[in-house]
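# Commentary on secondary and tertiary structure
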Amino acid sequence: MNREKDLIKANKELAFQNEEKEKRAAELIIANVELAYQNEEKEKRAAELIVANVELAFQNEEKEKRAAELVIANKELEFQNREKEKRAAELIIVNNELLYQNEEKEKRAAELIIANKELIFQNEEKEKRAAELLIANQELVYQNNEKEKRATELIVAYNKIKKAEEFLKEYIRGLEEMMFMTQHKVRQPIANIIGISSLLDKFIDTPEMLKKMIDYLKESAVSLDVFTKELTEYIGELEEKGKNKNITN
């Protein structure tokens, strides 16, 4: 009976221990998972640390470069300061020179005021001369226009005189031709008429001869009449030419 109780108790104890072992095993699994996670994190941190160390080494190198550049910059700054001191000394000299130049400028300004007044007076005189010159130019333009008008009128008059001379030459030639025609065409019929008239007295008793004389007399009279018409037409043509010349002028 005691053995059964002990066995039951032992079984319970064993069951309790098994449960505890299972709990421990579950906890161990969780602990292993946690440990694996921590190991991964450590590896990540180690990798980050390596990168950080590389970056730090790069930064240290950059700092050394910056330090070297700073040394050079300080030397350059010292040189610049010395140059600034030189420039300051030169600036003092320049300021003194500038002060002198300002005094000279004031003198020049005073002289310029006087020169401007003189220039204003000269400009006023120039404006007066310009106004007088404008009036003179206008008068000259008027005179030139009048000269051009007179020249045009003179050319027209010259052309009229030239055409009149040409007409006069033609008229003289016409008169000469009229004189020639008169001498050759008028005198012959008149001479015939005079000669026939003087013969009429001799042949007054001879009818046949008288008839011939009368025929000769008629022929001479007709010739004289024809020439008179030709002469009239010729004179009319001369007058018409003269009228046309005047119209053209």
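In this report, the structure presented in the accompanying data block is examined. This structure is a prediction, so every number in the text was calculated from the model and none was measured.

Regarding its fold elements, the chain presents two helices and zero strands. Considering the chain as a whole, with its 249 residues, one finds that 6% of them fall into the buried category. Put simply, 78% of the contacts in the chain that link residues at least 6 apart link residues at least 24 apart.

Time to look at the pattern of salt bridges. Per the counting criterion, the structure on display carries 21 salt bridges. Between glutamate 83 and arginine 87 there is a salt bridge, with its nearest N and O atoms 2.8 Å apart. Of this pair, glutamate 83 and arginine 87 are both found in helix α1 (residues 2-200), four residues apart, which corresponds to roughly one turn of the helix. A salt bridge links glutamate 104 to arginine 108, with the shortest nitrogen-to-oxygen separation between them at 3.0 Å.

A few words on a nonpolar patch on the surface. Judged by side-chain polarity, Leu168, Tyr171 and Ile172 come together as a nonpolar surface patch covering roughly 260 Å² of accessible area. Take tyrosine 171: it is sitting in helix α1. The class of tyrosine 171 is partly exposed, set by a relative accessible area of 33%.

Here is what the cut-offs are and how they apply
- Sequence positions are assigned chain by chain, starting from 1 and proceeding in written order.
- Under the rules for a predicted model, residues below a pLDDT of 70 receive no local features and side-chain atom pairs below 80 are neither given nor counted, while totals for whole chains, interfaces and linings still include all residues.
- To obtain the side-chain values, all non-hydrogen atoms of the structure were used and water was disregarded.
- Helix numbers and strand numbers start at the N terminus; a helix is a DSSP run of H or I with at least 4 residues, a strand a run of E with at least 2.
- Buried means the residue's accessible area, taken with a 1.4 Å probe over protein chains only, is under 20% of the maximum for its type, while exposed means over 50%, and partly exposed covers the values in between.
- By definition, residues are in contact when any of their heavy atoms lie within 4.5 Å.
- What makes a salt bridge here is a side-chain nitrogen of Lys or Arg within 4 Å of a carboxyl oxygen of Asp or Glu, nothing more.
- Only residues above 30% relative accessible area that lack a salt bridge enter a patch, with like-charged residues linked at up to 9 Å and the nonpolar side chains Val, Leu, Ile, Met, Phe, Trp and Tyr linked at up to 5 Å.
- Method for areas: the Shrake-Rupley scheme with a 1.4 Å probe, in which residue coverage is limited to the protein chains shown.

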